[in-house]
Amino acid sequence: MRRQFASRLSCLLLGLLPAGLGLFGSGEARAALPGSGFARGFPLIREVIPSAKEAKVQNFGVATDRRGLVYVANEGGLLIYDGAWWRALPIGKAKAAFSVTSDAAGRVAVGGVDELGILETSASGELRFVSLLNLLPPGERQVGQVGDVFATPRGFLFFTLNALIEWDGTKITTLARPAAGPPYPGAFEVGGEIYMSDSTGIFKRAGDRFERIPGGDRFAGKRVDQILPAPGGLLVSVRGGGLFLLHPIEGGVTPFAPEASAWTSANRLQGGASCRLSDGRWALGSYLGGLLLLRPDGMIDQIIDTRLGLPDNYVSGVAVDAEGGLWLALNSGIVRVEVGSPISTVDRRSGLDGSVYAVTRHRGKIWAATPSGTFAQEPWDSKSGILRLKKVEGLPPAGWSLLSMEDGLLVGTAFGIYLVPDSGAPSLVPGSDAVGTPYTLVRSGDPRRVWVGGDHGLASLAREADGWRVVPSAAGPDAEVRSIVDSGDTVWFSVPLAGIFGLELAPGAPGNRTGAAAPSSLRRISDSEGTYLYRIAGRIAAVRSNHVLRLDEGKNRLVEDSAFAPLGVEGDFVVLAEDAAGNVWRNSRPPAVFLRQGAGWASTPRWLVEVPARAIETMFADADGPVWLAGENGLYRVESPLPTAAALPAPRFARVTTGRGEFQFGGIAAPTDIELPRGFTRLEIELAPLSFRAGLRYATRLDPIDAEWSEPRAEPKVELTRLPAGRYTFRARTVGPNGEQSPEATWVFRVLPAWYETAWAIALWAALALAGIWTWASLRSRALRQRAAHLERQVQEQTAELRQAVADLERTQSDLETANVRLEELSLQDELTGIANRRRLQMLLDAEWHRSRRQHQPIAFILLDLDHFKRLNDTRGHLEGDFCLQSVAAYLAQAIQRTGDLVARYGGEEFAVLLPATDLAGALKVAERLREGLETLALPHEAVPEGHVTASFGVAAFTPLLGQEPEELIEAADLALYRAKSDGRNLVRAGGVDEETGEMDAGLTN
């Protein structure tokens, strides 16, 4: 099997680093590293798949240049990536590239199989490979695989198993020939110096010779995988032997970093696959273990391998781009790792399972609640640096809320509220299973009280000598409470279906800090549905319809607040969170953070486009600094404050083509002014951002046609069609996800006039026009006579054709009427259940209502709602929920079969039954029969006490009077349904019009 070499990397450090940032950095340097001493999530890893058709799976090296391009030595050739487009260059006859590097001037050198050379820019701006092989004597051109390439002050140095070959810009010289045989030789660049190792030791370049360095003989007979710079010396990695510190002046050799040495011995560092990061860490690629991030003090910071998301563990090349992204060339892929990103991921790889509904820190550990259960952080693994979580035994699934208290962690689940003590097993708070699903747990003003927002309204927990106990629902509707804010004397809570309520706590009332016992009072300040409350900057913010208002506690109403106004710009969101620095985070898609500015916040958000979540359920601002975003696939840890993004470079014109793909220019060189023929149909311009951050868009302008810049768009390509003759300037710039703009790139071109628009062509056209007028006048008279006769024949023929067309049209009209009838039937049917939809119900209700009013007959309406259906979706999944809806619909359709009656899906988990010529007593009998039938179906629903699906029924019946509308019948049934749910669910309740007062009443029962 052929030997594979890694590419030499352009990102190796040129020169020894200061001691404070070197391999043996101080404790302060160590503490300054991202995440040092703190468990982090998995780094964001993006696999980049080349679109070039020549690209193969296997890669051998990677490099970046000062222009912002990425070069990958690939089995199919040299791949070049500019952030949007891939290009491929074959390297010699074998086409494969085995090594690549770039120098400070932007020149690029490539090594292949029996091939070596550089890249040059053609007259049209494209990169092309220029072989240097012919500069070698004919007998020395069989160089084999070029395993590494190094930049030198004069040119490039190419390393093969047999020789070190230097190109100085004009000629090629063979500098050295390593000793043959195993252990195989290696070449390395350290601080601008070239070192070589072979079976006799380690050598350093001195002019055109290589001299053995003091202590270099200690490595004779050993395979040196890597030589790295270290303060006062060199760090040498020996295959199977670990890491050693070599002092080349006095020749001392000492073992270094036992833990990292053991890892490098077991996983074999890849020669040349190393890079120094801006924060002082080393990125070291290996054959077997992926990537090692080594801190300046020699401690392992993190290991990035297949367990963290790499396609494989064979790292053959490493390079850093201008934005801090780490590119890895792998045996079976290319990835970009955000090693410097403030965002990391905690998901199933960390032991966390399911969508995260709540997250908090308790006793220094991160805890998360998901439908699968509750998970707690395990002790920090200093080797991987990854935060690991483990499911807490003794807690049921369906975790919804978490609250850290002095005596332990309170965990709200669908089966009750549990206390997890610092030692011992979790225990259920007595009576808490009656609260329903505890969506939120909030500390009250009294440290002995906790507010609970659940299915059945607002409740609380009281801590007594023998533990916690449940205080029954304090006040408010028996409905879901999703958010709570305690302001001391008043606890404010939102009911998504009913509005905002304030429970004023009299002295001594639950949650109040002082005073003797006294009753509490409840007031409703808003009936707006879908409102959520949060404590922001010491005030109460209310989120409603993507708008942020302030709760004026003195006036008991929601008011506009100019400070909160920026928080509502763009995007859908319902959750706000404030971090320790006063920044406000929002769960829009993508998530956003508004940075604190004086007494308010920035008018535009910082969008976190890097977060790959489709939905953020909640957010937790950690007192230690990071903010945790809880999504459908786990947690996202975001360091706060966020670093300032690097400035965007000006885009390049990657490729310009006309017509059917005729190339004009592109690639590297700046565009030149060109002249385009008037006849071209399309001008296609491909833009290269030279940036790899997410969410990039492109704005363009064509002078003098465009008065303004275009709206930024994600497609890095522009098409211009059929431009008139003239001189144009095309301008382009890159726009980042937060509105940041790059400098503009410009290109001037000219569209030539067509040949028929020239002066001589115009004169010719004029002469031809005069001749044509004379000819036309002489022929016109004869043509008119002939045309009259011809028209008469045509009238006769077309009359016959018209008669046939009329007959065909009549047949077509009949077919269309049949098709329209079928389409009308489909538009009146619910897609999921197959029964009538709400449109069909409304049509029939209007017709039956007017008929009942004319005939003075009663008409009844039943509205039923499946109890706790959301829990069914949460615990069993949406597929089971859809099956349940289909089963219920089938049962109702079978049970209601009287001519004129109708069963329809009213919306979500609600169904309606229309009963013409039926009074209230008859409708109640039908509803009770349906309720019992649903219980007999016994559709499983483990999240409710009954264990199966039940439904609540609201029944109403009117004899319509003049002036009444059918909506009053629906409203009466809806009020009765609300009464059935408030009274405990799985009940039938009636509503109608009070005969004496004429007012609607939902208090009638069966």
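Every chain is numbered independently, its residues counted from 1 as its sequence is written. Only residues with pLDDT of 70 or above have their local features reported here, since the model is predicted, and side-chain atom pairs are shown and tallied only from 80 upward, although totals for entire chains, interfaces and linings are computed over all residues. In computing side-chain values, all of the structure's heavy atoms are included and hydrogens and water are not.

*Asks:* Outline the nonpolar core, supporting the account with residue identities and numerical values.
*Replies:* Membership of the largest hydrophobic core comes to 33 residues, with the highest contact counts inside it found for Leu866, Phe911, Leu930 and Phe953. Only DSSP runs of H or I covering at least 4 residues are called helices, and only runs of E covering at least 2 are called strands; the numbering of each starts at the N terminus. Of all elements in the fold, only β68 (859–866), α5 (869–876), α6 (878–895), β70 (910–916), α7 (920–937), β71 (951–958) and β72 (988–993) reach the threshold of two or more residues within this core. Per element, the largest residue contribution to this core is 7 residues, and it comes from α6. In this structure, Ile343, Ile536, Trp601 and Ala613 belong to the second largest nonpolar core, which totals 30 residues. By convention a nonpolar core is built from buried Ala, Val, Leu, Ile, Met, Phe, Trp, Tyr and Cys residues, the set being connected through side-chain atoms within 4.5 Å. Note on classification: 1.4 Å probe, protein chains only; a residue is buried when its accessible area is under 20% of the maximum for its type, exposed when over 50%, partly exposed between these limits.

*Asks:* Explain helix α8 (residues 966–982) residue by residue, including any values.
*Replies:* The span expected for a helix works out to 1.5 Å for each residue beyond the first. Helix length check: α8 (17 residues) gives 25 Å between terminal C-alpha atoms against 24 Å at 1.5 Å per residue, within 8%. Taken together, the buried positions of α8 are occupied by Pro966, Leu969, Ile970, Ala972, Ala973, Ala976, Leu977 and Ala980. All buried residues of α8 fall inside an arc of 160° around its axis, so they share one side. Phi turns positive one or two residues past the end of α8, at Gly984, with a value near 125°. Working note: the arc is built from the helix axis to C-beta atom directions.

*Asks:* Can you break down the layout of surface pockets residue by residue, with the values?
*Replies:* By volume, the second largest pocket is sized at about 860 Å³. Counted by class, the lining of the second largest pocket contains 18 nonpolar, 6 polar and 10 charged residues. The rule is simple: put a 1 Å grid over the protein atoms alone, call a set of points where a 1.4 Å probe fits but cannot get out a cavity, call an open set with protein on both sides within 12 Å along at least five of seven lines a pocket, and count a residue as lining if it has an atom within 4 Å of a point. Grid points are joined across faces, edges and corners, and a volume is the space filled by probe spheres set on the points. Residues are grouped as follows: Ala, Val, Leu, Ile, Met, Phe, Trp, Tyr, Cys and Pro are nonpolar; Asp, Glu, Lys and Arg are charged; every other residue, Gly included, is polar.

*Asks:* Account for helix α4 (residues 838–855), with residues named and values stated.
*Replies:* For α4, built from 18 residues, the straight-helix expectation of 26 Å at 1.5 Å per residue is met to within 8% by its first-to-last C-alpha distance of 25 Å. Burial in α4 covers these residues: Leu841, Leu844, Leu845, Glu848, Trp849 and Ser852. Down the axis of α4, the buried side of the element spans an arc of 140°, and every buried residue falls inside it. The contact rule is simple, with two residues in contact once any of their heavy atoms fall within 4.5 Å. Buried residues along α4 sit against β68, β69 (902–907), β70, β71 and α8. Looking one or two places after α4, you find His856, whose phi comes out positive at around 55°.

*Asks:* Give me the lowdown on a nonpolar patch on the surface, citing residues and values where you can.
*Replies:* Patches draw on residues past 30% relative accessible area with no salt bridge. Two like charges within 9 Å are joined, as are two nonpolar side chains (Val, Leu, Ile, Met, Phe, Trp, Tyr) within 5 Å. Method for areas: the Shrake-Rupley scheme with a 1.4 Å probe, in which residue coverage is limited to the protein chains shown. When a carboxyl oxygen of Asp or Glu lies within 4 Å of a side-chain nitrogen of Lys or Arg, that pair is called a salt bridge. Together, Trp760, Leu764, Trp765 and Leu768 give the surface a local cluster of nonpolar side chains, amounting to about 460 Å² of exposed area. Along the polypeptide, Trp765 turns up in helix α3 (residues 759–827). Residue classification places Trp765 among the partly exposed positions, given a relative accessible area of 44%.

*Asks:* Which residues make up the sheet that holds strand β45 (residues 499–504), and what values go with them?
*Replies:* In this scheme, strands are said to pair when DSSP sees at least two bridges between them. Overall, antiparallel pairing links the 4 strands, which are arranged β43-β44-β45-β46 in an open sheet. If you trace the sheet from one side to the other, it starts and ends with β43 (483–486) and β46 (521–526), each paired once. Here the average twist between neighbouring strands, direction ignored, is 20°. In the sheet, β43 pairs with strand β44 (residues 490–495) via 4 bridges, with the strands oriented antiparallel. If you follow Val485 over to β44, its bridge partner there is Trp492. In this analysis an axis means a line fitted to C-alpha atoms, helices contributing only their contacting stretch, and an angle means the value between N-to-C directions, from 0 to 180 degrees.

*Asks:* Could you give an account of unusual backbone geometry, with specific residues and numbers?
*Replies:* A cis amide bond, omega 5°, links Ser640 with the succeeding residue Pro641. Relative to the helices and strands, Pro641 resides in the loop between β59 (634–638) and β60 (652–658). That bond from Asp703 to Pro704 is cis: its omega, 10°, falls within 30 degrees of zero. Position of Pro704 among the secondary structure elements: in the loop between β64 (697–703) and β65 (717–721). A positive phi angle, close to 55°, is found at Leu690, a residue other than glycine.

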